[in-house]
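Report on the structure
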Amino acid sequence: IKNHSSSTSPFILLGLSSNPQLQKPLFAIFLFMYLVTIVGNVLIILAIHSDSRLHTPMYFFLSNLSFMDICFTTVIVPKMLRNLLSDTKAISYVGCLVQMYFFMAFGNTDSYLLASMAIDRLVAICNPFHYDVAMSPRRCLLMLLGSCTISHLHALFRVLLMSRLSFCASHVIKHFFCDTQPVLKLSCSDTSSSQIVVMTETLAVIVTPFLCILFSYLRIIITVLRIPSVAGKWKAFSTCGSHLTVVVLFYGSVIYVYFRPLSMYSVVKDRIATVMYTVVTPMLNPFIYSLRNKDMKRGLRKLRDRIHL
């Protein structure tokens, strides 16, 4: 029997592990990772804004990607850290929907920014003479605004869909945050139509930037292979290495988690994959973009010198 009064009851987040002996070690590990994420991405943003030579489309998108990564992890990690030290591990019904909304909004903006960066590399390598016109500040700003708008509309639609579901006996979410699949599993409503809508809409929103990245890199590879010198080929590919690494890390785990039917949902495997793109990738992004990037290294040194002064 559907108990509609329980639909707005608080949810219980099981977290990464129910083993009480692992709670404090996990708290220490994820607190460290969260602090590294915040500090690393803030340094990237400050370095880009403080060095005029980094005021280019690529670094404009990178600074916004770093900002989105800070927001993305902040939606999830502080609540997860609190629950690791708490006995209740509860999240209100409204709090769950709000977390779900911002998680999807910032996560999808990340994917569209990665697509924008791929377009930037495509134009820079395949059509360098028209780069300044094609990637003008106005167009870059429009791409950023478009990324945010599409992502927030997607998140709003998904949350409105989830808010129409009823929840009966169990309110225990077998995850460390309010994600779509674990919440759908708890519903006593008929979720078959919701699953179809979620899968179709996810394909439209997430696959679009992914196909854009794929198309961009196919064009880049074709263009680079035509370059006669090995040094020229290596130089062209090296400008894409950092971005391509982040794309593989981000989309690899996202595709694994979301592009499967609900019947194939696996709690443990999904937790690990979700940790990859919600915590690990945002933490690694500053290192990936700075360790092999001479411009970023110069910008970070300039920022360090300013701080010392």
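The name an unreviewed UniProt entry gives the chain is Olfactory receptor 1L6, with Chinchilla lanigera as the organism. Annotation of the chain in UniProt includes, under Sequence similarities (unreviewed entry), the sentence "Belongs to the G-protein coupled receptor 1 family." According to its UniProt record, the chain has this under Subcellular location (unreviewed entry): "Cell membrane".

This paragraph deals with the nonpolar core. Counting residues in hydrophobic clusters, the biggest one holds 83 residues, and the most contacted among them are Phe30, Leu62 and Leu114. Per-element accounting of this core gives the leading share, 17 residues, to helix H3 (residues 93-126). Those residues in contact with phenylalanine 30, other than ones at most four positions away along the chain, are Leu16, Val77, Met80, Leu81, Val275 and Val279.

Once that is clear, we can look at the environment of histidine 175. Structurally, histidine 175 can be placed in the loop between strand S3 (172-173) and helix H6 (180-186). Separated by 46 residues in the primary sequence, histidine 175 and phenylalanine 129 have C-alpha atoms spaced 49 Å apart.

Here we come to the UniProt feature "transmembrane region" (unreviewed entry) in the chain. Residues annotated by UniProt as "transmembrane region" (unreviewed entry) correspond here to residues 26-48, 60-78, 141-161, 203-225, 237-259 and 271-291. Each end of residues 60-78 is marked by a C-alpha atom, and these two atoms are 27 Å apart; helix forms 100% of the span and strand 0%. Between the end C-alpha atoms of residues 141-161 the distance is 30 Å, and the span holds 100% helix and 0% strand.

Here the focus is the environment of glutamine 181. Note that glutamine 181 resides in helix H6. Glutamine 181 sits in the buried class, given a relative accessible area of 9%. As for glutamine 181 and cysteine 240, which are separated by 59 residues in sequence, their C-alpha atoms are 33 Å apart.

Within the structure shown, the criterion is met by 5 salt bridges. Here aspartate 51 and arginine 53 are joined by a salt bridge, their closest N and O atoms 3.6 Å apart. Accessibility expressed as a relative area gives 0% for aspartate 51, which makes it buried. When the shortest N-O distance is used, the salt bridge between arginine 304 and aspartate 305 registers 3.7 Å. We classify aspartate 305 as partly exposed; its relative accessible area is 39%. Among the charged side chains, a salt-bridge network with shared partners connects Asp51, Arg53, Arg298 and Lys302.

A contiguous nonpolar surface patch, about 240 Å² in accessible area, is contributed by Val94, Val98 and Phe102. Within the secondary structure, valine 98 sits in helix H3.

The strand order across the open sheet formed by 3 strands is S2-S1-S3, and the pairing between neighbours is mixed. The open sheet has two edge strands with one neighbour each: strand S2 (90-91) and S3. Here strand S1 (residues 11-13) pairs with S2 via 2 bridges, running antiparallel. Bridged to phenylalanine 11 within S2 is isoleucine 91.

Each value, and the rule that gives it
- Residues numbered from 1 in each chain as written.
- Predicted model: local features only at pLDDT ≥ 70, side-chain atom pairs only at ≥ 80, totals over all residues.
- Heavy atoms only, no water.
- UniProt positions renumbered as here; feature names shortened; annotations may be inferred.
- Core = buried A, V, L, I, M, F, W, Y, C linked by side-chain atoms within 4.5 Å.
- Buried < 20%, exposed > 50% of the residue type's maximum accessible area, 1.4 Å probe, protein only.
- Helix = DSSP H or I, 4+ residues; strand = E, 2+ residues; numbered from the N terminus.
- Contact = heavy atoms within 4.5 Å.
- Salt bridge = Lys/Arg side-chain N within 4 Å of Asp/Glu carboxyl O.
- Patch = residues over 30% accessible without salt bridge, like charges linked within 9 Å, V, L, I, M, F, W, Y side chains within 5 Å.
- Areas by Shrake-Rupley, 256 points an atom, 1.4 Å probe, with all protein chains shown as cover.
- Pairing = 2+ DSSP bridges.

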